[in-house]
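Spelled out, the chains give:
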Amino acid sequence: MSSPLSAVPKLRMSKPDWLASPKVFRTEVLAGLVVALALIPEAISFSIIAGVDPAVGLFASFTMAVVISVVGGRKAMISAATGAMALVIAPLNHEYGLGYLIAAVILGGLIQILLGALGVAKLMRFVPRSVMVGFVNALAILIFMAQVPEMRDVPWPVYPLIIGGLALMVLFPKITTVIPAPLVSIVILTVITVAAGIAVPTVGDKGDLPSSLPVPGLPDVPFTLDTLTTIAPYAFAFALVGLMESLMTAKLVDDITDTHSNKTRESIGQGIANIVTGFFGGMGGCAMIGQTMINVKTSGARTRLSTFLAGSFLMVLCIAFGPVVSDIPMAALVAVMILVSVATFDWHSIQPGTLKRMPLGETTVMVVTVAAVVATHNLAIGVVLGSITAMVIFAKRVAHMAQVTGVVDPEGNQVVYAVTGELFFASSNDLVYQFDYKDDPDDVVIDLTDAHIWDASSVAALDAIETKYKQRGKKVTIIGLNKPSAEMHDKLAGQLTAGH
């Protein structure tokens, strides 16, 4: 007789994808190390933007990367302290202090969880391809522009170091791809500058590195309604900008890796990561596009391990190897980011042949997106403006697709108007003017078999047509409505004019 336990299915623990082979494991570890090195000066710079101690930005990058590697929905994507998030909450810190900034980060995380649960990620389907291309190109431009200050008013050896770093990263993969070229470039340039005693700006010049791990605690603010009303606007803006950048980056990584990610899980994961970051005294963050490109495109990482190790190595490098990391020349990291910007830009999108074939509206949307992002240094604003531009162009294009054709019967007693196309606020505006109210017979039939009513504006237009005929003593019959159109028409007809 079989045991009752034999009917219970055995649990099978699936092997993590980063243990698929030694090569995959090595790639993930080295990618995490490269990203960690690139995160340090960035996190310090964003701390300065937010007006906080460098440790606040570094702690945020550590906790964001480690937490999102577990709870996020997009493998290999890097989340850390970012410039966009720093800009959103900087005014709050300058006016009220660090405690209020931390409280806003925690509240922003809660809002992100709520928005994620409500399905905000589904809105990504409404972002057109031309906006995505503009987003990518604007991102590449911003990455390059962020390096320009590091190349101004600096000692002359900085320039040959940058050129040498670029040359190493281009040529080294021809020899071997076992070790990421950016890591090789950073190590070689650091050895050269230290051994030769070359005086150039280093990572240490950006600020002091932390010497211990962050300690959890509550934000130093009064827990009152006044505090909530003070931080709420900043927290909401923080949540929206963070989700926008993270979801756009996730979509970009989906395209690069030809894999699908769980955007809802990513939205909720960003919220969880920001809450944890806030309780550990970090300034919050979101997906970091430049570092994600280093991880995915330059280093070839594809699993959660690289994200986890990027955050872990960041703290190890700061605490255990602070003096060594401080000696890394900024020129080495500038070279890495310049190469990332060149690799990120969609050069095909601006080739003459592509521009010639592409509809003018699509190109306009791309240009608007790029211009808005570069002007504001805010990727979220660019995406919103680009999407709005695309919608306006689409509405204008579709508005001309609604056509009306009238046929009078041989005896002249009836006219049948066949309406084809999509009826909505843009196309229905001209609908009223396509009927011959004065000369038509007394019996008018409007056939909507090949049309669809989308909104109240279309119902109002049909009401107006009926009214104009009625004023002349003529009868109007509407036929051919599909079920959704009929339901909307029956519900709203005659109810959209004052007096009803």
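Quick look at the structure, then. (Residues numbered from 1 in each chain as written. Predicted model: local features only at pLDDT ≥ 70, side-chain atom pairs only at ≥ 80, totals over all residues. Heavy atoms only, no water.)

Describing the overall build of the protein chain
Helices and strands together make up the secondary structure of the protein chain, namely 18 helices and 6 strands. The C-alpha radius of gyration computed for the protein chain amounts to 29 Å, which surpasses the reference 23 Å derived for 500 residues by more than 25%, pointing to a less compact arrangement than a globule. Dimensions of the protein chain, computed from C-alpha atoms along their principal axes, come out at roughly 100 × 70 × 65 Å. Burial status across the protein chain gives 50% buried among its 500 residues. Summed over its atoms, the accessible surface of the protein chain is roughly 23,900 Å², and 66% of this surface lies on carbon and sulfur atoms. Taking the average place of the 31 positive charges on the side chains of the protein chain and the average place of its 35 negative ones, the gap between the two points comes to 10 Å. (Helix = DSSP H or I, 4+ residues; strand = E, 2+ residues; numbered from the N terminus. Rg over C-alpha atoms; globule rule 2.2 N^0.38 Å. Buried < 20%, exposed > 50% of the residue type's maximum accessible area, 1.4 Å probe, protein only. Areas by Shrake-Rupley, 256 points an atom, 1.4 Å probe, with all protein chains shown as cover. Lys, Arg positive; Asp, Glu negative; His and termini not counted. Charge placed at Lys NZ, Arg CZ, Asp CG, Glu CD.)

Here's the deal with the pattern of salt bridges
What the rule picks out here adds up to 4 salt bridges. A salt bridge links arginine 74 to aspartate 254; the shortest N-O distance between them is 2.6 Å. Highlighted residues: arginine 74 in the loop between α2 (54–71) and β1 (79–80) and aspartate 254 in helix α8 (residues 225–257), separated in sequence by 180 residues. For lysine 206, the salt bridge is made with glutamate 150, and the minimal N-O distance between the two is 2.4 Å. Taken together, the positions of lysine 206 in the loop between α7 (181–196) and α8 and glutamate 150 in the loop between α5 (129–147) and α6 (158–175) put the pair 56 residues apart, joining distant regions of the chain. The class of lysine 206 is partly exposed, set by a relative accessible area of 22%. Look at glutamate 150 and you get buried, because its relative accessible area is 19%. (Salt bridge = Lys/Arg side-chain N within 4 Å of Asp/Glu carboxyl O.)

Focus: helix α10 (residues 289–298)
Burial within α10 is extensive, with 8 of its 10 residues counted as buried. Along α10, the positions that sit buried rather than exposed are Ile289, Gly290, Gln291, Thr292, Met293, Ile294, Asn295 and Val296. Downstream of α10 by a residue or two, glycine 300 has a phi angle that is positive, lying close to 80°.

Examining the pairing of strand β6 (residues 475–479)
Every second residue of β6 is oriented toward a common face, the buried set being Val476 and Ile478 and the non-buried set Lys475, Thr477 and Ile479. Across 5 bridges, the pairing between strand β5 (residues 443–453) and β6 is parallel. Its bridge partner lying in β6, valine 444 is registered against valine 476. (Pairing = 2+ DSSP bridges.)

Thoughts on the sheet that holds strand β4 (residues 414–423)
Spatially, the 4 strands line up as an open sheet ordered β3-β4-β5-β6, and their pairing is mixed. In this open sheet, the two strands that pair with only one neighbour each are β3 (403–408) and β6. Taken pair by pair, the neighbouring strands of this sheet meet at an average axis angle of 20°, ignoring direction. Pairing analysis gives 9 bridges linking β4 to β5, with the strands arranged parallel. (Axes fitted to C-alpha atoms, helices over the stretch in contact; angles between N-to-C directions.)

Let's talk about the environment of methionine 391
Along the chain, the position of methionine 391 falls in helix α16 (residues 379–399). Residue classification places methionine 391 among the partly exposed positions, given a relative accessible area of 48%.

What about the side chain of glutamine 112?
Summarising the element assignment, glutamine 112 is placed in helix α4 (residues 98–117). Contacts of glutamine 112, omitting those with residues within four sequence positions, involve Phe238, Ala239, Gly242, Leu243, Ser267, Gln270, Gly271 and Asn274. (Contact = heavy atoms within 4.5 Å.)

Things to note about the layout of surface pockets
Estimated volume of the largest pocket: approximately 770 Å³. Lining the largest pocket are 32 residues, with Glu42, Phe46, Gly83, Leu142 and Ala146 positioned closest to its centre. Every element with two or more residues in the lining of the largest pocket is listed here: α1 (22–50), α3 (83–96), α5, α10 and α13 (330–344). There is about 440 Å³ of room inside the second largest pocket. Lining the second largest pocket are 23 residues, and of these Thr177, Pro180, Thr298, Ser299 and Gly300 sit closest to its centre. (1 Å grid on protein atoms, 1.4 Å probe; cavity = no way out; pocket = protein on both sides within 12 Å on 5 of 7 lines; lining within 4 Å. Points joined across faces, edges and corners; volume = space filled by probe spheres on them.)

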